[in-house]
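Structural description and commentary
The primary structure of each chain is shown beneath.
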Amino acid sequence: MGRATKVLAATTAAFVGTSVWLFLDNRSLRAELDDRPAPVVAAAEAGSATAPAKQPDAWLDAKPAPGAPSTATPSPSLPDQPKETRMDRRARRTEEFAAMFGRLDGETEDEYRARILPLIKAGLAIPRERAAEMRRIAEEKAHVTREQSAQLDKAFEKVYDDVLTYTNKAIADGQLSPYERNVAGWLDFAGGLGGILTDANGQIGKILQPGQVKAMYDAGFEWGEYLGLQAPWERIDPPPPPKK
């Protein structure tokens, strides 16, 4: 069960941040793709095989006499634009993340919830459905009874409450903040979840037989992934306003 504890702690701690960060990261990937040159060479080679032979043009193919001044003018060009580095892009994404998931100027907690909760629900809807289906399949393979499954759900209620209480305190204290990259804070937060989530593993072990736990694991099911998705993240408190 030690491995499950570590997975559960890491998954739960990081899930909220990563689920919304993917939106900004996806835009970053698109920007990187835009920076790459289009495969025009291959297209030109493919087109040359089917293009009709070029007809000679007396005017365009004419060459100036030796020693005559050239009348060609240089092609116009725009000044070189500064290229955004990876560090610049990271700083920009941090600002975008803060603007999207931080408190707006004068925004109340209720207004923040009305703006952010639809994003959280939409982002979690499909992953939650998939996790629930994976649990159903794994419980069938492990011959988990309906009574055992209901007991697990009941035990998870307290785990979710403890996790949200701990998370809301970390948000209020600024340990988890949308306004800055605080990797050390995230790691401390994940470590603090270990004690809370160890109790979840203990409850699972009291309800399921060791053979059932192993059968669900062998089926590819992870309790850490499931609990990280199913936790009621919609109940997270809004962050405090940014410091001025």
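Residues numbered from 1 in each chain as written. Predicted model: local features only at pLDDT ≥ 70, side-chain atom pairs only at ≥ 80, totals over all residues. Heavy atoms only, no water.

**Considerations on the nonpolar core**
Ranked by internal contacts, the top residues of the largest apolar core, which has 38 residues, are Phe156, Leu208, Met216, Trp223, Tyr226 and Trp233. Looking at this core, the elements with two or more residues in it are helix H3 (86-101), helix H4 (109-141), helix H5 (146-172), helix H6 (183-207), helix H7 (210-218) and helix H8 (223-230). With 9 residues, the top contributor of residues to this core is H5. When near neighbours in sequence (up to four residues on either side) are disregarded, Phe156 contacts Arg135, Ile204, Trp223, Tyr226 and Leu227. (Core = buried A, V, L, I, M, F, W, Y, C linked by side-chain atoms within 4.5 Å. Buried < 20%, exposed > 50% of the residue type's maximum accessible area, 1.4 Å probe, protein only. Helix = DSSP H or I, 4+ residues; strand = E, 2+ residues; numbered from the N terminus. Contact = heavy atoms within 4.5 Å.)

**Comments concerning the packing of aromatic side chains**
Counting across every chain of the model gives 8 aromatic pairs. Between Phe156 and Tyr160, the aromatic rings sit 6.4 Å apart at their centres with planes inclined by 50 degrees, giving tilted as the arrangement. Taken as a pair, Phe156 and Tyr160 lie in helix H5 at a separation of 4 residues, close to a single helical turn. Centre to centre, the rings of Trp186 and Phe189 are 6.3 Å apart; their planes meet at 90 degrees, and the pair counts as edge-to-face. Taken together, the residues Trp186 and Phe189, both in helix H6 and 3 residues apart, mark about one turn of the helix. Take Trp186: its relative accessible area is 29%, and that puts it in the partly exposed class. (Phe/Tyr/Trp six-rings, centres within 6.5 Å; stacked < 30°, edge-to-face > 60°.)

**As for the packing of H5 against H8**
Packing of H5 against H8 brings their axes to within 11 Å, and their N-to-C directions diverge by 65 degrees. Here H5 runs over H8; the crossing is right-handed. Each of Leu152, Asp153, Phe156 and Tyr160 in H5 lies in contact with H8, whose residues at this interface are Trp223, Tyr226, Leu227 and Gln230. For the contact of H5 with H8, the class distribution of residues is 6 nonpolar, 1 polar and 1 charged. (Axes fitted to C-alpha atoms, helices over the stretch in contact; angles between N-to-C directions. Left-handed = near helix turned anticlockwise from the far one by under 90°. Nonpolar A, V, L, I, M, F, W, Y, C, P; charged D, E, K, R; others polar.)

**Topic: the confidence of the model for the chain**
Per-chain confidence: the chain averages 79 in pLDDT, with 69% of residues scoring 70 or above. Mean pLDDT in the chain bottoms out at helix H1 (residues 2-35), which sits at 46, and peaks at H7, which reaches 96. Segment residues 1-28 is flagged for pLDDT under 50; beyond a separation of four residues in sequence, or across chains, it makes 52 contacts in the model. (pLDDT = per-residue confidence, 0-100.)

**So, the side chain of Glu234**
Its location among the elements puts Glu234 in the segment after H8. By relative accessible area, which is 18% here, Glu234 ends up buried. Among residues more than four places away in sequence, those in contact with Glu234 are Leu117, Ile120, Lys121 and Arg128.

**Observations concerning H4**
The end-to-end C-alpha separation of H4 is 45 Å, in line with the 48 Å expected for 33 residues at 1.5 Å each. Of all the bends in H4, the greatest reaches close to 35 degrees and is centred on Ala125; the proline Pro127 follows between one and four positions later. Among the residues making up H4, those that are buried are Tyr112, Ile116, Ile120, Leu124, Arg128, Ala131, Arg135, Ala138 and Glu139. His143 occupies a position one or two residues after H4 and carries a positive phi of about 55 degrees. (Expected span 1.5 Å × (residues − 1). Bend = angle between axes of the 7 residues up to and from the residue.)

**Some words on the packing of H4 against H8**
Interaxial distance between H4 and H8 falls to 9 Å at its minimum, and their mutual angle equals 140 degrees. What the angle tells us is that H4 and H8 run oblique. In this structure, H4 meets H8 at a crossing whose hand is left-handed. Residues Leu124, Pro127, Arg128, Ala131, Ala132, Met134, Arg135 and Glu139 of H4 pack against Trp223, Glu225, Tyr226, Leu229 and Gln230 of H8. When grouped by side-chain class, the residues that make up the contact of H4 with H8 number 8 nonpolar, 1 polar and 4 charged. (Parallel < 35°, antiparallel > 145°, perpendicular 65-115°, else oblique.)

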